[in-house]
Amino acid sequence: MRDLFDRILENKGPLGKWASQAEGYFVFPKLEGPISNRMKFQGKDVITWSINDYLGLANLPEVKKIDGEAAAEYGAAYPMGARMMSGHTDYHEQLQDELAAFVQKESAYLLNFGYQGMVSTIDALVSKDDIIVYDVDSHACIIDGVRLHMGKRFTFKHNDIQSLEKNLERATKMAEQTGGGILVISEGVFGMRGEQGKLKEIVELKKKFKFRLFVDDAHGFGTLGKTGAGAGEEQGVQDEIDVYFATFAKSMASIGAFIAADKEIIDYLKYNLRSQMFAKSLPMIYVKGALKRLDMLRTMPELKAKLWENVNALQNGLTSRGFNIGDTNSCVTPVYLNGSIPEAMALVKDLRENHGIFCSIVVYPVIPKGLILLRMIPTATHTMEDIEATLEAFSAIRERLTNGTYKKLSAAVAAAMGE
């Protein structure tokens, strides 16, 4: 019988094996200074493209004022206890009502965190007799939620409606045997690729199949649609989304999340969401802060307009210079390059040290081997000067990647890791 820890000590995992070379710089980096378009990394000024503060709310004086006043009045603890027991307030109810109205649903319920809330919502929505059909590129929180499901589940190819239809046929036959129903899960915006989920096409399949649709719109909420209500509003199918999810960690620049649906569904979920029933209530600091942020989403359309001015400038600039940004139709801006993990390390170090550009790097196993994905998040705080400097830097690093400079620089790292 082997020791439980033997496996852990022998195999650090596809990312963990790089820890000695990567930690503190490529992973777990420390950005310092006020959250903004420019921050400090290891003492140097950098243009930041890794912050999900889409609308630039995080460091606005009026937002920090509300946060500070709430902290001074209530402290970090209030309200104490779970919502069902002792952690419920009028402000929690007010925020839920305003969120429901904003995303055009009857009712809403607050979640402490997006990740745990998504996992728990999936768990509460289905029984062992039900079948889940979900996009293969779904976020990790969806995948973990599906793993809890004791019944059958099928994946469909990413944004492939033909594949979805095929799996709905399989799910329908199975549901007829089990006596259960079908839950389809997609995302409003896929956070790595930047592609919107094909919600309009998915909804169209309701004419042929009987299912309910659950949408994770973390990146669409506040950035898409005429009012900012998200990808469903953008595609004209918000009414057909049966359960809508969004987080405060992106456009709202905070902590927390919510689900919205018909009142009967929310009434059921709030009594059956284990992650909320057995967890402390969302602190008042975040509730009152979210009320302020939501009001700004509603009343300051210029924030979203500035965001999209920057998105279009960055994405058009990249494509005009021949960069591959995939099929993004959201703010998320991926740049795909060919190269190994050691080359990616050399490339990112060059970007940060010599060009003052900080963006996230994504490599295998998140994307296929041989690809490097530089994931960029434009915000309302970026300037045209930031964008132009970044485009110039990207042109320089592409040339060095192509001519083998990074391969030479990374040779020692690659040899040490057996790559």
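Residues numbered from 1 in each chain as written. Predicted model: local features only at pLDDT ≥ 70, side-chain atom pairs only at ≥ 80, totals over all residues. Heavy atoms only, no water.

Undergrad: Describe in detail the overall build of the protein chain, supporting the description with residues and values.
TA: A count of helices and strands for the protein chain gives 17 helices and 14 strands. Each principal axis of the C-alpha distribution contributes one length, and for the protein chain these read about 60 × 55 × 50 Å. For the protein chain, the residues scored as buried account for 52% of the 419 residues in total. Taking all contacts inside the protein chain whose residues are at least 6 apart in sequence as the whole, residues at least 24 apart take part in 70%. (Helix = DSSP H or I, 4+ residues; strand = E, 2+ residues; numbered from the N terminus. Buried < 20%, exposed > 50% of the residue type's maximum accessible area, 1.4 Å probe, protein only. Contact = heavy atoms within 4.5 Å.)

Undergrad: So what about the sheet that holds strand β7 (residues 182-187)? Which residues, and what values?
TA: Here we have seven strands laid out as an open sheet, ordered β4-β10-β9-β8-β7-β5-β6, and mixed in their pairing. The open sheet has two free edges, formed respectively by β4 (107-111) and β6 (153-156), since each of these has just one partner strand. Strand-to-strand twist in this sheet, taken as the mean axis angle between neighbours without regard to direction, amounts to 20 degrees. Both strand β5 (residues 131-135) and β7 contribute to a ladder of four bridges, which runs parallel. Its bridge partner being in β7, I132 is matched across the sheet by L183. Contacts between helix α4 (residues 90-102) and the sheet are confined to β4 and β10 (257-261), with β4 contributing the most and set at about 125 degrees to the helix. (Pairing = 2+ DSSP bridges. Axes fitted to C-alpha atoms, helices over the stretch in contact; angles between N-to-C directions.)

Undergrad: Can you tell me about the sheet that holds strand β14 (residues 371-376), naming the residues and giving the values?
TA: The three strands are arranged β11-β14-β13 in an open sheet whose pairing can be described as antiparallel. Edge strands, defined here as strands with exactly one partner in the open sheet, are β11 (333-338) and β13 (360-362). Within this sheet the neighbouring strands show an average axis-to-axis angle of 25 degrees, counted without direction. Bridge count between β11 and β14: six bridges; the pairing is antiparallel. The residue bridging N338 from the neighbouring strand is L371, located in β14.

Undergrad: An account of the packing of aromatic side chains is requested, with residue identities and associated values reported.
TA: Think of a pair of aromatic rings as described by two things: how far the centres are apart, and how the planes are tilted against each other in angle. Tallying each qualifying case throughout the model produces nine aromatic pairs. Geometrically, the ring pair formed by F102 and F221 is edge-to-face, given 5.7 Å between the ring centres and 85 degrees between the ring planes. Taken as a pair, F102 in helix α4 and F221 in the loop between β8 (212-216) and α9 (231-235) lie far apart in primary sequence, 119 residues in all. For the pair F102 and F221, one class covers both residues: buried. Geometrically, the ring pair formed by Y244 and F258 is tilted, given 6.2 Å between the ring centres and 40 degrees between the ring planes. With Y244 in strand β9 (residues 243-247) and F258 in strand β10, this residue pair connects regions lying 14 residues apart in the sequence. On the accessibility criterion, Y244 (0% relative accessible area) is buried. Judged by its relative accessible area of 0%, F258 falls in the buried class. Joined through ring pairs, the aromatic side chains of F102, F221, Y244, F248 and F258 make up one cluster. Across the ring face of F41, the terminal group of R352 is positioned such that the distance to the ring centre comes to 5.2 Å. Taking the ring centre of F323 as reference, the NZ or CZ of R398 above it sits at 4.1 Å. (Phe/Tyr/Trp six-rings, centres within 6.5 Å; stacked < 30°, edge-to-face > 60°. Lys NZ or Arg CZ within 6 Å of the ring centre and 35° of its normal.)

Undergrad: Tell me about the packing of helix α14 (residues 341-354) against helix α15 (residues 384-402), residues and numbers included.
TA: Here α14 crosses α15 at 150 degrees, and the two axes come no closer than 10 Å. Considering how the two elements wind past one another, α14 and α15 form a crossing that is right-handed. Along its contact with α14, which presents E343, L347, D350 and L351, the element α15 presents A393, F394, I397, R400 and L401. Looking at the contact of α14 with α15 residue by residue, the class counts come to six nonpolar, no polar and three charged. (Left-handed = near helix turned anticlockwise from the far one by under 90°. Nonpolar A, V, L, I, M, F, W, Y, C, P; charged D, E, K, R; others polar.)

Undergrad: Describe the pairing of β9, naming the residues involved and giving the relevant values.
TA: Within β9, five of the five residues are buried, which leaves it mostly tucked inside the rest of the structure. Burial of the side chains of β9 extends over both faces: V243, F245 and T247 are buried on one face and Y244 and A246 on the other. Note: β8 against β9, three bridges, orientation parallel. Note on β9: the bridge partner recorded for F214 is V243. Strand direction decides the pairing type here: β9 and β10, joined by five bridges, are antiparallel. Across the sheet, F245 pairs through a bridge with I259, a residue of β10.

Undergrad: Which residues make up α4, and what are the values?
TA: End to end, α4 covers 18 Å across 13 residues, agreeing with the expected 18 Å (1.5 Å per residue, within 8%). All of the buried residues in α4 are H92, L95, Q96, E98, L99, A100 and F102. Those residues of α4 that are buried are in contact with β4, β10 and α12 (284-299). Measuring from the backbone nitrogen of Y91 back to the side-chain oxygen at the start of α4 gives 3.2 Å, which picks out T89 as the cap. Looking one or two places after α4, you find Q104, whose phi comes out positive at around 65 degrees. (Expected span 1.5 Å × (residues − 1). Polar contact = N/O pair within 3.5 Å; in protein donor to acceptor, adjacent residues only side chain to side chain.)

Undergrad: Which residues make up the state of the cysteines, and what are the values?
TA: The tally for this structure, following the rule as stated, stands at zero disulfides. C359 supplies the cysteine sulfur nearest to C331, a cysteine that is in no disulfide, at a spacing of 17 Å. (Disulfide = S-S within 2.5 Å.)

Undergrad: Report on the nonpolar core, specifying residues and quantitative values.
TA: Grouped together as the largest cluster of nonpolar side chains are 60 residues, with contacts concentrated most on V133, F221 and F258. Residue contributions to this core peak at seven residues, all from α12. Counting 34 residues, the second-largest nonpolar core is a separate cluster that includes L351, F358, C359 and F394. (Core = buried A, V, L, I, M, F, W, Y, C linked by side-chain atoms within 4.5 Å.)

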